[in-house]
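Read off the chains here:
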Amino acid sequence: MSSDGSCRVCCRGLYSCNWRHPSEKKRRRAGCWFTVVTLASLLTLCWMYICLVTFNDREDVNWKGFTLLKLWVNWFMVLIIISAVLTGYCILLLLFALFQVALREPLDLHWLHKILLVLGVVFIALGVTGITLQWRKEWPTVLLSLQATSPFLQIGGVGALTLLSWLVFQGFHRAHRVGSKVLIIVVFAVVSAAILLCPLLIRSPCLIEPEEIPPKPLLIGHRGAPMLAPENTMMSFRRSAACNVTAFETDVQLSKDRVPFLMHDHGSGFLMRTTDVKEKFPGQDVSHSTNLTWAELQSLNAGEWFLKTDPFRSVSQLSAGEKETAKTESVPSLHQLLQLAKEHNISVIFDLKNENQGNNDTLDTINTILKSGIAPNLVRWLPPTQREFVMETAPGFVQVYDNVSDMDKEGGRHLNVKYSTLNTTEIRELGLRNVSVNLWVVNERWLFSLLWCSGAGSVTTNTCHLLQDMTQPDWTLAPGKYRIIWITVDLVSLLLMFAVFIFQREREAKKKFSVWNQRELSPFLPSE
């Protein structure tokens, strides 16, 4: 072992935990497991990419976990950590395998690695199945993300292809059978063509001339500023007003005595996540908003949960005074929000959570709005139920629709949809029709930049304090410049791979010549 280099010893030990050369049968099995390691590494990279681009909607996963387990935990962060560890493990294992190949060491994968690889593949399969069955709306997000990342992924792919060409050409020149050589070169050529030429298919709104970049989308505070204060509290809305939002987004329900109040969760246990209802009213039925009076709702604490659970890992950014304020927040009424909106000249857009249960929430909500004295044009009416009645009773309200067909049918000019509902071309076309398109919920910079370049009018966001500081999209590039970049990168890669091919061919030829000389001259050399 003393004659072995430290790199050789390290790779052999970590990959196989075996110091002996395996039999020919083991070598064949080892080759199969090398393929498994490669595929598992690619799978984990793809899975990690999916996790990162869906991070924008992490609260959907956390909310699903809460509804099932009645326990508020950052489940998505747990998923991210497990996926990152799995991805790092598979990539390191693949690197050790490639070093083994370069050092001509046997590829005898240890049984523990085999078990962990199988468990990793099962974990990813369960994750993909879970998304498909429970979170299917996230697949459009993955496809949308490629418009923001594909130019960079292609350049990274070219770099990886260039590096791997050393091992590919080494295997090509060492192969003894013509069929093996043909198979290696054909597969490598197909993969190379796909990676080098894929920019021909890349379409991104961020590939745009500088003078054509649309105006920055306006910001709407999703339940206020829920990263800086407990959601749907007056503190949260005041913090979003400081971010210069153009509208407050919230959710309205009505109490037992018909007072509209702000609360997103509804249905069974609707107060459990964000209030101390279990402690204040133990054993009482609170499965519906009409089970409690407004006075009882006001007695609930709606802020301590935020400090205890830290849902966005942002509590550490608050000052001591802000934490004290958050600790004493209560459930606000719609009237309180309207007064704040009127004071700052900010619009209000909301959902009516129980409007389809025949309890006349629409009429009571309209009356509350009209009595508040807020300018009608600051009210963006989103609930579709009884829209005709609303238009007759309060014609000054701005009517906002949740789908294009209803909007076109009624001649509307305001649309509010999930960001993945429309593709970037449809967003741009609606903008050209003077339709104000608001997209929810947009938290990540890459997504905001992509929708900015697409021409979105506004976005609903949890991160208004971060997005307000952006003065331009994270990246834009003129199509002509991008074309020059990818052609240059491809040509440099082709030249390097050609040089590697020639070098490997010459080196293998010298080795064969040296072996031939030793074999031919051995009869004439003196024996030791």
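One can find the structure itself at the top, above this paragraph.
Residues numbered from 1 in each chain as written. Predicted model: local features only at pLDDT ≥ 70, side-chain atom pairs only at ≥ 80, totals over all residues. Heavy atoms only, no water.

### What about empty space enclosed by the protein?
Tallying each qualifying case throughout the model produces one cavity of 30 Å³ or more. There is about 30 Å³ of room inside the largest cavity. As for the largest cavity, its lining consists of Glu-231, Asn-232, Thr-233, Leu-262, Met-263, Thr-274, Ala-302, Ser-330, Val-331 and Pro-332. The residue makeup of the lining of the largest cavity, split by class, is five nonpolar, four polar and one charged. (1 Å grid on protein atoms, 1.4 Å probe; cavity = no way out; pocket = protein on both sides within 12 Å on 5 of 7 lines; lining within 4 Å. Points joined across faces, edges and corners; volume = space filled by probe spheres on them. Nonpolar A, V, L, I, M, F, W, Y, C, P; charged D, E, K, R; others polar.)

### With respect to the layout of surface pockets
Estimated volume of the second largest pocket: approximately 840 Å³. If you trace the second largest pocket, you find 38 residues lining it, with His-222, Arg-223, His-264, Trp-440 and Val-441 closest to the centre. Looking at the lining of the second largest pocket, the elements with two or more residues in it are α3 (58-69), β2 (247-254), α11 (304-309), β4 (347-352), β7 (414-418) and β8 (436-440). Along the lines of polarity and charge, the residues of the lining of the second largest pocket split into 14 nonpolar, nine polar and 15 charged. (Helix = DSSP H or I, 4+ residues; strand = E, 2+ residues; numbered from the N terminus.)

### Let's talk about the pairing of β8
Judged from the five bridges that link them, β7 and β8 form a sheet pairing that is parallel. Bridge pairing links Leu-415 to Val-437 in β8. One crossover worth recording links β7 to the parallel β8 by way of helix α17 (residues 424-432), and it is right-handed. Taken together, β8, helix α18 (residues 445-454) and strand β9 (residues 458-461) constitute a β-α-β crossover, and its handedness is right-handed. (Pairing = 2+ DSSP bridges. Right-handed = clockwise from strand over helix to strand, strands pointing away.)

### Things to note about unusual backbone geometry
Leaving glycine aside, a negative phi is the common case for residues, and trans is the common case for peptide bonds. Looking along the chain, the bond that leaves Trp-440 and enters Val-441 is cis, with omega of -25°. If you trace the backbone, Val-441 turns up in the loop between β8 and α18. Phi at Arg-223 takes a positive value of approximately 55°, unusual for a residue other than glycine. Its location among the elements puts Arg-223 in the loop between β1 (218-222) and α8 (234-242).

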